[in-house]
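Listed below are the residues making up each chain.
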Amino acid sequence: SNELVSLEGLEGITSLQELYVSDNQIPSLEPLITLSRLRVLIIQRNRLTSLKGVEPLSFLTTLDVTENQIHSLEELKRAQQLKLLKRLTTRGNPMEVSTEFKLHTVH
């Protein structure tokens, strides 16, 4: 467990391909928008409420946001344009216990 409260400062590491920052206090992915070569992002057990900032990460193949604070299924639409994304893990977020989530997974 670390005490990171932001991803700011990583913007200049544009060749970064994998980032593992689980068990922190990170509230936003937005500082990552310049990391266009990022392929793997594991950010479990943080304070994310949104996937805003993931849209420009076009090489992302794996995104794991397990046990954050993402409430809305609308946030998952931000990952839809990531054509190379093969694995999106969202378990343990509040949206999973909502009726809205259950209805969408049935259809």
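Structural data are supplied above this passage.
These numbers come from a predicted model, not from an experiment.

Draft legend 1. Spatial organisation of the sheet that holds strand E3 (residues 62-64). Taken together, 4 strands build an open sheet; the order of strands is E1-E2-E3-E4 and the sheet is parallel. Of all the strands in the sheet, the pair left with one neighbour each is strand E1 (18-20) and strand E4 (87-89). Between one strand axis and the next, the sheet turns through 5° on average, direction left out of account. Sheet analysis places E3 next to E4, joined by 3 bridges and oriented parallel. Note on E4: the bridge partner recorded for Leu63 is Leu88.

Draft legend 2. Layout of the environment of His71. Inspection of the secondary structure puts His71 in the loop between E3 and E4. Linking His71 and Asn93, residues 22 residues apart in sequence, is a C-alpha distance of 6.7 Å. Apart from residues lying up to four places away in sequence, His71 is in contact with Pro94 and Met95.

Conventions we followed
Residues numbered from 1 in each chain as written. Predicted model: local features only at pLDDT ≥ 70, side-chain atom pairs only at ≥ 80, totals over all residues. Heavy atoms only, no water. Pairing = 2+ DSSP bridges. Helix = DSSP H or I, 4+ residues; strand = E, 2+ residues; numbered from the N terminus. Axes fitted to C-alpha atoms, helices over the stretch in contact; angles between N-to-C directions. Contact = heavy atoms within 4.5 Å.

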